[in-house]
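Analysis of the macromolecular model
Residues per chain, in single letters:
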Amino acid sequence: MELSAPIVFEPLYMERVWGGRRLETNFGRRLPVGTRVGESWEIVDRPEAQSVVHDGPWRGATLNDLWTCHRAELFGAGLPDSKRFPLLCKVLDAQDRLSIQVHPPAGVAEKLGGEPKEEMWYVMDALLDSDLYLGFKPGVTREIFEQALRDCTVADQIHHVAAKRGDAIHIPSGRVHAIGAGNLIVEVQQNSDTTYRVFDWNRYGLDGRPRELHVEESLASIDFNDVEPAISTNGEAGVLVECAHFRVERWHLEAPRSCETAGRFAIFTVVEGEVDCGDRAFGPGRFFLAPPALAHHDLRPIGGTATVLRTTIPR
């Protein structure tokens, strides 16, 4: 089947106690009425959540259909021999702060019955007083942290920085972290939904009950040597985060540029401005997947300049 345009999936909106409505106000999305939408799952292949192609020749197919039956054609060669598409891409709207949490490393996840998870954040927008919580302050030990859990002073032990638009943050498994209120974030991660909450600000959930915590699992997963990790505030184009599972680049477009799929798919996320690809326009917050067949198609900024994220799987 000849492809002349990228593949676009229907977003899946997830209600969260900390969510808001900025996907509606910032991106013009139609959200469920009266719902605090905290996450938009843009590209996902999980048993409980499936991306479905919005239009075009693959309309109605799930991401798992494409990955299982058309992998070489639509994604390229030499990719992981996994049952499901190995990445999950989201947009997070944190009207309130998220829990202080951790994702388990592979060995720990297996013992705890979870899935390992490594991720990265890109700050699309941040209010003036928005924070990011990352790793520990100097001198914090496991013993100090456990006492802070008992005293409800956990936040005092976590390193935090002011969030700025364009910041990129790598969250390896084992890093204690939280997104502060007022952030609008693109998240690229392993295909996993395992998160252990260690502290949740004594907050109640949507059901009116205290939210479940996973203190023992968190303590088994946390890297207590992770002190004041750096974030990337460099506004220049280039590689933002690269690990074994994904590579995320930032492209500033002032003129047309080839999709450069190099025999593999690439996922593009528009973070500023508007672009054209395959005679389709994509504005801020939009995601699309470019199969290898679109390698020589151009991304064209519309009406000036644009900035996109390009996500691939490293070779």
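Read on for a plain summary of the structure. All residue numbers refer to position in the chain's written sequence, counted from 1. Given that the model is predicted, a residue must reach a pLDDT of at least 70 before its local features are reported, and side-chain atom pairs must reach 80 or more before they are shown or counted; all residues, however, enter totals for whole chains, interfaces and linings. Processing note: side-chain calculations cover all non-hydrogen atoms of the structure and skip hydrogens and water entirely.

A word on the sheet that holds strand 14 (residues 238-242)
For sheets, the rule is that strands pair by backbone hydrogen bonds, running either parallel or antiparallel. By definition, two strands form a pair when at least two bridges between them are found by DSSP. The way it works is that DSSP assigns letters per residue, a run of H or I at least four long becomes a helix, a run of E at least two long becomes a strand, and they are numbered from the N terminus. Here five strands make up an open sheet; going across it, the order is 14-15-22-17-20 and the pairing antiparallel. With one partner strand each, in any of the chains shown, strand 14 and strand 20 (287-290) form the two edges of the open sheet. Taken over all neighbouring pairs, the strand axes of this sheet differ in orientation by 25° on average, direction set aside. Throughout, an axis means a line fitted to C-alpha atoms (over the contacting stretch in the case of helices), and angles, computed between N-to-C directions, take values from 0 to 180 degrees.

Section: the environment of threonine 195
With respect to the helices, strands and loops of the structure, threonine 195 is situated in the loop between strand 12 (183-190) and strand 13 (196-199). Note on contacts: a residue pair qualifies if any of its non-hydrogen atoms lie within 4.5 Å across the two residues. Once you skip the residues sitting within four places of it in the chain, threonine 195 turns out to touch Gln101, Val102, His103, Lys117 and His214. Throughout this description, a polar contact denotes any pair of N or O atoms lying within 3.5 Å of each other; where both atoms belong to protein, one of them has to be capable of donating a hydrogen while the other can accept it, and for residues adjacent in sequence the pair is counted only when both atoms sit in side chains. A polar atom in the side chain of threonine 195 sits 3.3 Å from the side chain of histidine 103.

Some points on the nonpolar core
The biggest cluster of nonpolar side chains holds 40 residues, and the ones touching the most others in it are Leu66, Phe75 and Phe85. Leave out the neighbours within four places in its chain, and phenylalanine 75 touches Leu63, Leu66, Trp67, His70, Phe85, Gly263, Arg264, Phe265, Leu289 and Pro292. Put simply, a nonpolar core is a bunch of buried Ala, Val, Leu, Ile, Met, Phe, Trp, Tyr and Cys residues held in one set by side-chain atoms that sit within 4.5 Å of each other. Buried, partly exposed and exposed residues are distinguished by accessible area as a fraction of the type maximum, computed with a 1.4 Å probe on protein chains only: under 20%, between the cut-offs, and over 50%, respectively. Judged by nonpolar contacts, the second largest core, of 19 residues, contains Val102, Tyr133, Trp201 and Phe224.

Some words on the sheet that holds strand 16 (residues 257-258)
On the basis of which strands lie adjacent, the open sheet formed by four strands has the order 16-21-18-19 and antiparallel pairing. Both edges of this open sheet fall to strand 16 and strand 19 (280-282), since each of them pairs with a single strand only. Looking at chain direction, strand 16 and strand 21 (residues 298-301) are connected through two bridges and run antiparallel. Bridge pairing in strand 21 places arginine 257 opposite leucine 299.

Re the side chain of lysine 117
Counting through the fold element by element, lysine 117 comes out in the loop between helix 4 (106-112) and strand 7 (119-126). Since its relative accessible area comes to 3%, lysine 117 is described here as buried. Residues contacting lysine 117, with those up to four places away along its chain left out, are Lys90, His103, Pro104, Ser173, Glu187, Gln189, Gln190, Ser192, Thr194 and Thr195.

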